[in-house]
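# Close look at the chain arrangement
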Amino acid sequence: MQNNITFENYKKDLSKHKTELLVCGLFEGEKVNSEIDELFHNALSKAIKIESFKGKYKKKITVYGDSLKRVVVIGLGKKNETSNLKFREIGAMISNYANQLSVKHISVESKSLHLNDNEFSKSLLEGIVLGNYEFLVYKTVDSKSHSLSKVTVVGECDKKNQTAAIAVSNSVNYARDLGNHPANILTPTYLANESKRISKAKNMKCTIFDVSKFEKMGLGSFYGVARGAKEPAKMIIVEYNGGSKNEKPIALVGKGLTFDTGGISLKPGARMDEMKFDMCGSATVMGVMNAVSILQPKINIVFAIGSTENMPGSDAQRPGDIVTAYNGKTIEVLNTDAEGRLVLADVLSYVDKNYTPKFMIDFATLTGAVLVALGHRATGLMGNDEKLISEIKKSSYATDEKVWELPLWPEYSKDIKGKYADIQNLGKAGAGTITAGAFLKEFVGDTPWCHLDIAGTAWGPKEPGYQPKVGATGVAVRLIYNLIQNRVG
Ligand code: BES
Ligand code: MN
Ligand code: ZN
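Counting of residues starts from 1 at the beginning of each chain's written sequence and follows it residue by residue. For naming, the first written chain is A and the first written ligand is 1, with later ones following in the order written. Under the rules for a predicted model, residues below a pLDDT of 70 receive no local features and side-chain atom pairs below 80 are neither given nor counted, while totals for whole chains, interfaces and linings still include all residues. Hydrogen atoms and water are omitted, and side-chain values are computed over all heavy atoms in the structure.

A few words now on the pattern of salt bridges. In what follows, salt bridge is the name for a side-chain nitrogen of Lys or Arg lying within 4 Å of a carboxyl oxygen of Asp or Glu. The full count for this structure, using the stated rule, is 24 salt bridges. A salt bridge links E463 to R377; the nearest nitrogen and oxygen atoms lie 3.3 Å apart. Taken together, the residues span a long stretch of sequence, with E463 in the loop between strand 17 (449–453) and helix 15 (477–488) and R377 in the loop between helix 11 (369–374) and strand 14 (379–383) at a distance of 86 residues. For the pair E463 and R377, a shared accessibility class is recorded, and that class is exposed. Linked through salt bridges whose partners overlap, the residues forming this network are R88, E126, D400 and R478. Put simply, DSSP H or I for four residues or longer makes a helix, DSSP E for two residues or longer makes a strand, and each gets a number counted from the N terminus. A 1.4 Å probe rolled over the protein chains alone gives each residue an accessible area, and that area as a share of the maximum for its type sets the label: buried under 20%, exposed over 50%, partly exposed in between.

The structure is reproduced here in structure tokens:
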């Protein structure tokens, strides 16, 4: 993985500590720590006075020393207006500043940055890791990789909280990496191999189903999409058993289209390159899988990914074809570019039938229409269960990963009734994001289920500051890990 930072803790005398950059925080109206000021021969208080530094949010002041080479005091703003979002942004500002100075090792001072306050420390550490991300794998010239590689937390910091924050944000970066690799490298086989690698961890078991088995298994809808591609499609199932034996699992399902040309209903050329990101739903699932493999929460989870290319090969399915999904429903394929729902139909019903999960959540770059509705700022949320919807909203507030609910009223299901088959893969009356959701609903039975349409949020957003400037965002990894933590308690 890219730009990995090693974290360590230091609880001894600050005067004996060596670092290239010591980072402190200051809320408006607070006084700078006199012990630290003395270590810099009161240069800090002098600088603060001369520059009339007041601790305004994101303002900073730097002075120089000896074994502590530099100290930067960062304004945290008004104490009563602070938030996790602000701390996460400060975290990203810290790693950006370190890289700007070409510094390898920084130390963050716990007391002034409130690192023993669980919520804020989590956000600040997340921000440091997330803000340090850049995808440079394929740059051979003009590339300067990030310098920051070690962070020392000076003083008290809740260890459990620290470990979780680092593992989860590294997993976000991992999901970003998966999203950013091009489709000639990141194939369904690549995702399958990565799942196998992660599953070597305790309590995990990985099963890969190859496209050659799909028809026999009854995955007719998924097979219809896969048959146009030379690159073999895979259904990936990872079972994680961290909870008690007879407890039902929760299920996380991802759309893993490693490239979506549209198939025979070919997409226009402009920006088609972005369709390498059509596997970002599976990247979210794998990001959570990675965090779970490290943190081993006490819960059972099924991770499931449907991965293929959508290609117009000579054996590709045609508009008008009728396929039979795993749950027996027949589907008229009116547009081969509405392929994500066809893949998810089979994976959702396979997971539902074989695992009877407590609930299922799927992640998919499913519709361009969600960009019309919500732009890059929020993920579209739909589902059949109020309780699960509100649980997701709660985690959304806690992690600042915005979701917005769209209705799945029964009327919308009328818009996907088929002419020659049970249903069709195209809506009849607008509401493209919702009719896609209504389509998926046909394949989840009575299981509580939610669908996150991440087509607007999986790549592109450049705000807040801890998002990368280009490429995949690793959306919803933090959100879902928060939901898991809330479940585990
Ligand atoms: N992967 C696309 C959705 C998409 C499009 C995501 C643009 C991000 C940006 C999906 O498979 C697709 O092509 N959906 C069609 C559905 C339509 C044919 C009903 C779409 O949104 O145009
Ligand atoms: Mn498509
Ligand atoms: Zn697609």
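The next point concerns the domain arrangement of the chain. Assigned domains within the chain: domain 1 (6–153) and domain 2 (169–488). Averaged C-alpha coordinates put domain 1 and domain 2 at centres separated by 38 Å. In this complex, domain 1 contributes 14 residues to the contact, which on the side of domain 2 involves 19 residues. Note on domain 1 versus domain 2: buried area summed over both sides is about 1,500 Å², and carbon and sulfur give 58% of it. At the boundary of domain 1 and domain 2, one finds two salt bridges. The shortest N-O distance in the salt bridge between E126 and R478 comes to 3.5 Å. In protein, a polar contact means a hydrogen-donor-capable atom and an acceptor-capable atom, both N or O and within 3.5 Å, with residues adjacent in sequence counting only if both atoms are side-chain atoms; elsewhere, any N or O pair within 3.5 Å suffices. Put simply, domain 1 and domain 2 have nine residue pairs in polar contact (both at pLDDT 80 or more) between them. Only helix 3 (84–100) and helix 4 (118–131) provide two or more residues apiece to the side of domain 1 that touches domain 2. The nonpolar class holds Ala, Val, Leu, Ile, Met, Phe, Trp, Tyr, Cys and Pro. Asp, Glu, Lys and Arg form the charged class, and all remaining residues, Gly among them, are polar. A per-class count over the side of domain 1 that touches domain 2 returns eight nonpolar, two polar and four charged. The domain boundaries here were taken from an automatic or database domain assignment. Only heavy atoms enter the contact rule, under which two residues are in contact if any of them lie within 4.5 Å. Put simply, buried area is the surface a 1.4 Å probe can reach on two separate parts but cannot reach once they are joined, added for both.

Here we take up a nonpolar patch on the surface. On the surface, V137, Y138 and I185 cluster together to form a nonpolar patch covering roughly 250 Å² of accessible area. Relative to the helices and strands, Y138 resides in the loop between helix 4 and strand 6 (150–154). With relative accessibility at 42%, the residue Y138 sits in the partly exposed group. Like-charged residues within 9 Å of one another, or nonpolar side chains (Val, Leu, Ile, Met, Phe, Trp, Tyr) within 5 Å, are grouped into patches, provided each residue has over 30% relative accessible area and no salt bridge. Accessibility throughout is a Shrake-Rupley quantity obtained with a 1.4 Å probe, and a residue counts as covered only by protein chains that appear here.

Ligation of the zinc ion (ligand 3) by protein atoms is provided by K255 (NZ), D260 (OD), D278 (OD) and E339 (OE), these donors lying 2.0 to 2.4 Å from the ion. Here a donor is an N, O or S atom found within 2.8 Å of the metal, or within 3.2 Å if the metal is Na, K or Ca; sites may look incomplete because water is not among the atoms. Only four donors with every angle between 85 and 135 degrees are called tetrahedral; only four or six donors with opposite donors over 155 degrees apart and all others between 65 and 115 are called square planar or octahedral, in that order; all others are irregular. Taken together, the six donor atoms surrounding the zinc ion (ligand 3) define angles of 77 to 174° at the centre, an arrangement classified as octahedral. On the primary sequence, the residues serving as donors to the zinc ion (ligand 3) are separated as K-x4-D-x17-D-x60-E. Between the two metal centres, the zinc ion (ligand 3) and the manganese ion (ligand 2), the spacing is 3.2 Å, with D260 acting as a shared donor. Residue D260 is located in strand 9 (residues 250–260), and its partner D278 is located in the loop between strand 9 and helix 9 (280–295); the two are separated by 18 residues in the primary sequence. Here D260 and D278 have matching classes, each one buried.

Let us look at the packing of aromatic side chains. Two rings belonging to Phe, Tyr or Trp (six-membered ring only in the last case) form a pair when the distance between their centres is within 6.5 Å. Interplanar angles under 30 degrees mark stacking, angles over 60 mark edge-to-face geometry, and anything in between is tilted. This structure, assessed with the given rule, holds nine aromatic pairs. Consider the rings of F214 and F222, whose centres lie 4.5 Å apart with planes at 40°: the pair is tilted. An identical accessibility class is assigned to F214 and F222; each is buried. Between F439 and F443 the ring centres are 5.3 Å apart and the planes differ by 40°, which places this aromatic pair in the tilted class. The residues F439 and F443 share a single accessibility class, namely buried. A network of ring pairs unites the aromatic residues F27, F87 and F120 as a single cluster.

Listed as protein donors to the manganese ion (ligand 2) are D260 (OD), D337 (O), D337 (OD) and E339 (OE); their distances from the metal cover 2.1 to 2.2 Å. Every donor counted, the six donor atoms about the manganese ion (ligand 2) form angles of 69 to 166° at the centre, which fits irregular coordination. Read in sequence order, the donor residues coordinating the manganese ion (ligand 2) give the pattern D-x76-D-x1-E.

Right, let's get into the side chain of S265. By the element assignment, S265 lies in the loop between strand 9 and helix 9. Residue classification places S265 among the buried positions, given a relative accessible area of 19%.

For ligand 1, the set of nearby residues contains 16 residues, the closest of which are K267, D278, D337, E339 and G368. Separating a nitrogen atom of ligand 1 from a side-chain N or O atom of D278 is a distance of 2.8 Å. Measuring from a nitrogen atom of ligand 1, one finds a backbone N or O atom of T365 at 3.3 Å. In isolation ligand 1 has 510 Å² of accessible area, and contact with the protein removes 78% of it. Each residue belonging to the shell around ligand 1 can be placed in one class, and the counts come to five nonpolar, four polar and seven charged. Nearness here has a simple test: a residue counts as near a molecule or strand if at least one of its heavy atoms is within 4 Å of that partner.

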